[in-house]
Amino acid sequence: MITLNMEEKKTPKKALILGGGFAGVYSFLSLNKEFKAEELEITLVNQNNYFLFSPLLHEAATGGIGTHQPVESLREIIHRRPGSNFHVGTVKEIDLARQVVKTTVGELAYDILIIALGARTAFYNIPGAQEYSLMLKDLADAVKLRNHLLNTFEKAAEEKDIAKRRELLTISVIGGGPTGVELAAEIAELVLTTIRRYYSHMGPCDVTINLLSKSSELIQQFKPRSRQFALRSLEKLGVKVMTDAVVVRVEKNKIILARGDEIHSNTVIWVAGVKAQSITTTPVLPYDVNHRIQTDQFLLVDGYNNVFALGDIASTAGESLPMLAQVAVEQGREMGRLARASLTHQPTSPFIYKSKGELVSLGQWRATGNVHGLHINGMFTWLLWRAVYWSKFISGTKQLKIALDWLIYFFHPRDISKT
Ligand SMILES: Cc1cc2nc3c(=O)[nH]c(=O)nc-3n(C[C@H](O)[C@H](O)[C@H](O)COP(=O)(O)OP(=O)(O)OC[C@H]3O[C@@H](n4cnc5c(N)ncnc54)[C@H](O)[C@@H]3O)c2cc1C
């Protein structure tokens with residue numbers, strides 16, 4: 001016997017998340033927790049099929065972990081919620097009047113839109129910067145950089161002329177922020193462990209690692225004690241730190257500074273900053289001076305009650321919050337509550353960002369920073385740094401894989417096979 005359910009079925013509202021980075025994925029998890037499948041259908045669009053864990057890119061680029069480790073499958077994450085959708089596609093345009101988003105996989109309609117498209121590398125119109133530098137923003141950049149470094153070691157090993165070999169082994173990292181500092185330290189570790197171990201006729205003295213900062217100190221956003229600790233640690237690792245080094249042009253194998261110096265460098269890595277992604281919208285969205293989408297304290301884009309923006313792409317309530325995973329995660333975690341308030345027109349409390357602190361790693365066993373205002377550095381800080389980031393991975397399987405990789409590299413040298 002067939003029983004007919006005469007009760008009218010309600011159509012769920014549609015939430016569309018643009019971007020599967022920290023802000024997008026944590027928004028998805030929060031909406032999933034807050035809404036039943038009958039209430040809300042969630043769709044996420046991202047240009048790659050993975051969630052990229054950027055804070056570990058420098059380790060992937062230097063063989064500290066496998067190159068596949070800083071990513072998690074987005075389809076696997078989205079699959080957790082029955083009835084949710086995931087598309088690998090590029091967002092082309094948002095039509096706010098029609099409530100649709102044009103993507104490379106077609107038009108997607110929404111009741112609630114969450115814009116979380118992140119940021120991209122900023123070159124500040126410096127001639128040659130984009131053309132002649134390697135970068136570290138996506139997984140492909142990390143793979144390219146790793147292969148380039150390993151290729152360079154092999155070429156240098158064949159070079160009999162010591163001066164030419166040393167020229168080949170000059171590596172310059174441009175950017176004195178946390179990414180530049182972490183990367184320079186990891187490259188130094190790679191050089192120390194690899195060259196000493198495997199290349200009998202070359203030594204670390206053949207390698208020059210320059211770290212260029214346009215400011216008078218490294219990691220300006222950190223407290224003075226952390227800045228000094230970072231500087232001392234890098235110098236111990238053999239990194240040549242150049243401060244007040246304002247780059248005005250990059251040429252093939254050459255960096256030109258405002259003060260007139262020319263630095264000859266076979267490898268130039270540009271990690272000097274990022275800027276918010278730009279997207280075409282009709283009508284044009286409100287932007288702040290840094291071209292980040294302006295939102296209120298409920299993460300709603302100014303002038304809209306169903307369009308949210310968060311993470312690196314947004315500025316919140318007149319404040320340009322730091323472009324950090326920590327901010328994107330905190331904002332994403334609030335999306336369920338904020339979306340419910342928007343859909344039901346009920347009042348809710350605003351989003352308030354409270355920084356828990358900042359940490360920067362300085363190669364194996366060293367890190368510095370502050371936690372809840374307390375300055376810390378050394379081995380314990382490094383372990384804490386790892387534990388904090390490890391806890392931000394989404395799946396238990398990935399956490400296990402990362403932990404195993406870290407464990408293996410405690411006891412074994414880095415993997416130097418090209419990928
Ligand atoms: C090398 C590196 C190291 C970092 N280290 C740290 C750290 O140690 N601690 C920390 O707190 N922060 C760190 N950050 C910053 C942190 O990664 C970002 O603040 C964070 O990722 C921002 O999250 P988001 O979701 O806004 O952007 P993202 O995580 O960048 O996500 C944006 C997503 O949108 C996708 N996307 C972009 N454009 C389109 C489009 N047109 N169509 C479809 N998809 C699109 C991207 O592929 C990406 O998946 C680091 C960043 C880098 C690059």
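Here the structure is shown first, and the text comes after it.
A brief structural summary. (Residues numbered from 1 in each chain as written. Predicted model: local features only at pLDDT ≥ 70, side-chain atom pairs only at ≥ 80, totals over all residues. Heavy atoms only, no water.)

So, the site of the ligand
Cut-off, in case you're wondering: Whether a residue is near a molecule or strand depends on its heavy atoms: it is near if one of them lies within 4 Å of it. A 3.5 Å cut-off defines polar contacts: any pair of N or O atoms within that distance qualifies, except that in protein one atom must be a possible hydrogen donor and the other a possible acceptor, and neighbouring residues in sequence count only when both atoms are side-chain atoms. Helix and strand assignments follow DSSP, with helices taken as H or I runs no shorter than four residues and strands as E runs no shorter than two, numbered in order from the N terminus. Only Asp, Glu, Lys and Arg are considered charged in this grouping, and only Ala, Val, Leu, Ile, Met, Phe, Trp, Tyr, Cys and Pro are considered nonpolar; every other residue, Gly among them, is considered polar.
Around the ligand, 28 residues are found, and the nearest of them are Ala 23, Asn 46, Val 91, Asp 312 and Tyr 389. Contact distances for the ligand include 2.9 Å between an oxygen atom and a backbone N or O atom of Ala 325. Counting only elements with at least two residues in the shell around the ligand, the list comes to α1 (22-34) and α9 (325-344). The biggest single contributor to the shell around the ligand is α9, with three residues. The class makeup of the residues in the shell around the ligand is 12 nonpolar, 14 polar and two charged.

Observations concerning the environment of Gly 273
What counts is decided by this rule: Any two residues whose heavy atoms approach within 4.5 Å are treated as being in contact.
If you trace the backbone, Gly 273 turns up in the loop between β18 (267-270) and β19 (274-276). In the structure, Gly 273 is positioned 99 residues away from Ile 174 in sequence and 9.6 Å away in space, judged by C-alpha atoms. Contacts of Gly 273, omitting those with residues within four sequence positions, involve Arg 120, Thr 121, Ala 122 and Tyr 124.

Focus on the packing of aromatic side chains
Selection rule: Under the pairing criterion, centres of Phe, Tyr and Trp rings, with the six-membered ring standing for Trp, must be within 6.5 Å; the plane angle then separates stacked pairs below 30 degrees from edge-to-face pairs above 60, leaving the rest tilted. Categorising residues by exposure relies on relative accessible area from a 1.4 Å probe, with only protein chains included: less than 20% of the type maximum marks a residue as buried, more than 50% marks it as exposed, and the intermediate range marks it as partly exposed.
All chains considered together, the criterion is met by 12 aromatic pairs. Taking 6.5 Å as the distance between ring centres and 75° as the angle between the ring planes, the aromatic pair formed by Phe 410 and Phe 411 counts as edge-to-face. Taking the relative accessible area as the measure of exposure, Phe 410 reaches 34% and is therefore partly exposed. What makes Phe 411 exposed here is its relative accessible area of 66%. One aromatic cluster is present, built from ring pairs that chain together Phe 22, Phe 51, Phe 53, Trp 385, Tyr 389 and Phe 393.

Quick notes on the sheet that holds strand β5 (residues 85-88)
The criterion, for reference: For two strands to pair, DSSP has to find at least two bridges joining them. A fitted line through C-alpha atoms serves as each axis, taken over the contacting stretch for helices, and the angle formed by two N-to-C directions is quoted from 0 to 180°.
Strand order in the open sheet formed by five strands is β5-β2-β1-β9-β22, and the pairing between neighbours is parallel. The open sheet has two edge strands with one neighbour each: β5 and β22 (307-309). On average, each strand axis in the sheet is tilted by 15° relative to the strand beside it, whichever way the strands run. Here α1 sits on the sheet in contact with β1 (13-18), β2 (40-46) and β9 (112-115), set at roughly 170° to β2.

As for the pairing of strand β25 (residues 367-371)
Extensive coverage of β25 is indicated by the burial of four of its five residues. Inspection of the sheet shows strand β24 (residues 357-361) paired to β25 by five bridges, in the antiparallel sense. Residue pairing in the sheet places Glu 358 in a bridge with Asn 370 of β25. Linking two consecutive strands that pair antiparallel, namely β24 and β25, is a turn of five residues; a positive phi of about 85° is found at Gly 363 within it. The antiparallel hairpin formed by β25 and strand β26 (residues 374-377) contains two residues in its connecting segment, where His 372 sits at a positive phi of about 50°.

Comments concerning a nonpolar patch on the surface
The criterion, for reference: The residues that make up patches have over 30% relative accessible area and no salt bridge, and they are joined within 9 Å when like-charged or within 5 Å when they are Val, Leu, Ile, Met, Phe, Trp or Tyr. Here the accessible surface of atoms and residues is derived via Shrake-Rupley with a 1.4 Å probe, and residues count as covered only by protein chains that are part of the display. The rule for a salt bridge is simple: a side-chain nitrogen of Lys or Arg has to be within 4 Å of a carboxyl oxygen of Asp or Glu.
The grouping of Trp 365, Met 379, Leu 383, Leu 400, Leu 404, Leu 407, Ile 408, Phe 410 and Phe 411 at the surface amounts to a nonpolar patch, some 910 Å² of accessible area in total. Broken down by secondary-structure element, the contributors of at least two residues to the nonpolar patch are α10 (379-391) and α11 (396-411). The leading source of residues in the nonpolar patch is α11, at six residues. Relative to the helices and strands, Phe 411 resides in helix α11.

Let's talk about unusual backbone geometry
A cis amide bond links Thr 282 to the next residue, Pro 283, at an omega of -10°. By the secondary structure assignment, Pro 283 is in the loop between β20 (280-282) and β21 (293-295). The residue Ala 317 is not glycine, and still its phi comes out positive at about 50°. Within the secondary structure, Ala 317 sits in the loop between β23 (314-316) and α9. Positioned with a positive phi, His 372 is a non-glycine residue whose angle comes to about 50°. Mapping His 372 onto the fold places it in the loop between β25 and β26. Here His 372 falls in the exposed class, since its relative accessible area comes to 65%.

Details of α9
Definition in use: Each helix should span, by expectation, one fewer than its residue count multiplied by 1.5 Å. Fitting axes to the seven residues that end at a residue and to the seven that start at it, the angle between those axes gives the bend at that residue.
Between its first and last C-alpha atoms α9 spans 29 Å; for 20 residues at 1.5 Å apiece the expected length is 28 Å, and the two agree. Met 335 marks where α9 bends most, by close to 45°. His 345 lies just past α9 and shows a positive phi near 55°.

Topic: the sheet that holds strand β14 (residues 239-242)
Pairing within the open sheet is parallel, and its five strands lie in the order β11-β18-β12-β13-β14. Of all strands in the sheet, those bounded by a partner on one side alone are β11 (134-135) and β14. Sheet topology note: the strand β12 (residues 170-174)/strand β13 (residues 208-212) ladder contains five bridges and is parallel. For Ile 174, the partnering residue across the bridge sits in β13 and is Leu 212.

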